[in-house]
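Here is how the chains run, residue by residue.
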Amino acid sequence: PRGHGLTARHHPATPPPGAHLAGSERPVMAKMFENYEHEFKQLTSTTYSKITQVPNAHGDDKQRAISEVSKEISEAEELLKQMDLEVRSMTADQKSEHQARLRSHKATLGDLKSALSEARAAFSSAVTAREELLGGARPSPELHAEAHSQRQRLLQQTDSLHKSTRQLEDTRRMVAETEEIGLNIMGDLARDRSKLEGMVQTMDQVDSDLDRSRRILTAMARRAMANKLIMVFIIAALVLFIVLIVYLQWFVGDGKRD
């Protein structure tokens, strides 16, 4: 029998596989869901093992095994209720994934219940056969056939449950791997974004330097134009001064001599 009971479910000590991927950033409701899910999977695995052993048990041992399985199925139902409460408290973008996982767990619990029903039916048939033997009556062929059929159905149910558990584990592993890949991609995108922001800042600095250079070149061009105009003015003044000197020397001087 399980010693931790419902108290361990409210304060789970062992985190489920894959909980380290998101660290402290994972929402609290999702963490609680995964803790309940981890305990549910452990409980159903133990229950499955006990159901497979029921057909090989006899007498009181078989009755005790069926009683233990019934108790563990009730505990699994309580865990599903807790998971359902956590899913209802999640945000819309988290609900879809966790609701799918919850439906899968409910299907697993349904398989367990079916296997338990088969075990109970087989146990009832075995008890009836034993009573007939103790009473001196010989069990009928129909009773033997029914007990054999019940045993076969129980084995099929447990085998189907085992396959469903393996498929659930594979799905869970794929989800964890996909989540890890997604986190790596998000990290790469964050680094690329940082690089792009650095490039944008560099381009802004280059644009600022180009504007400053353009203003400097414009000022230099204006200063050069002003210098050209000043030189033209000086040259024109010199030419006028030389012409005036020649005029005064040739024309005004000649008139005085005459």
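Here is what the cut-offs are and how they apply
- The residue count restarts for each chain, going from 1 along the sequence in the order it is written.
- Where local features are concerned, this predicted model is filtered to residues with pLDDT of at least 70; where side-chain atom pairs are given and counted, the filter is 80 or more; whole-chain, interface and lining totals use all residues.
- With hydrogens and water excluded, all non-hydrogen atoms of the structure serve as input to the side-chain values.
- A pair is scored as a salt bridge if a Lys or Arg side-chain nitrogen falls within 4 Å of a carboxyl oxygen belonging to Asp or Glu.
- The secondary structure listing takes helices from DSSP runs of H or I that are at least 4 residues long and strands from runs of E that are at least 2 residues long, numbered from the N terminus.
- Think of it in three bands: with a 1.4 Å probe and only protein chains considered, a residue is buried below 20% of the maximum accessible area for its type, exposed above 50%, and partly exposed in between.
- Each patch is assembled from residues with relative accessible area greater than 30% and no salt bridge, linking like charges that lie within 9 Å and nonpolar side chains (Val, Leu, Ile, Met, Phe, Trp, Tyr) that lie within 5 Å.
- The protein chains shown are the only cover counted for residues, whose accessible areas, like all others here, come from Shrake-Rupley with a 1.4 Å probe.
- What makes a nonpolar core is a set of buried Ala, Val, Leu, Ile, Met, Phe, Trp, Tyr and Cys residues whose side-chain atoms join them at distances within 4.5 Å.
- By the convention used here, residues are in contact when the closest approach between their heavy atoms is within 4.5 Å.

(A) Representation of the pattern of salt bridges in the model. Overall, the coordinates contain 12 salt bridges when judged by the stated rule. Asp 84 is the salt-bridge partner of Arg 88, the closest N and O atoms lying 3.0 Å from each other. Residue Arg 88 and its partner Asp 84 are located together in helix α3 (residues 59-88), separated by four residues, close to a single helical turn. Look at Arg 88 and you get exposed, because its relative accessible area is 58%. Here Glu 97 and Arg 101 are joined by a salt bridge, their closest N and O atoms 3.1 Å apart. You can see Glu 97 and its partner Arg 101 sitting in helix α4 (residues 92-134), four residues apart, about one turn around the helix. In this structure Glu 97 comes out as partly exposed when scored by relative accessible area, which is 38%. With relative accessibility at 11%, the residue Arg 101 sits in the buried group. One salt-bridge network, held together by shared partners, links Glu 37, Glu 97 and Arg 101.

(B) Quick peek at a nonpolar patch on the surface. Nonpolar side chains collect at one region of the surface, where Phe 241, Ile 242, Leu 244, Ile 245, Val 246, Tyr 247, Leu 248, Trp 250, Phe 251 and Val 252 lie side by side and expose about 1,000 Å² of accessible area between them. Checked against the element boundaries, Phe 241 lands in helix α5 (residues 141-257).

(C) Up close: the nonpolar core. With 26 residues, the main nonpolar core has Phe 40, Ile 51, Ile 73, Leu 80, Met 83, Leu 109 and Leu 112 as its most contacted residues. Those elements that place two or more of their residues in this core are α2 (28-53), α3, α4 and α5. With nine residues, α3 is the largest single contributor of residues to this core. In contact with Leu 112, other than residues within four places in its own chain, are Thr 44, Thr 47, Tyr 48, Ile 51, Ile 73 and Leu 161.

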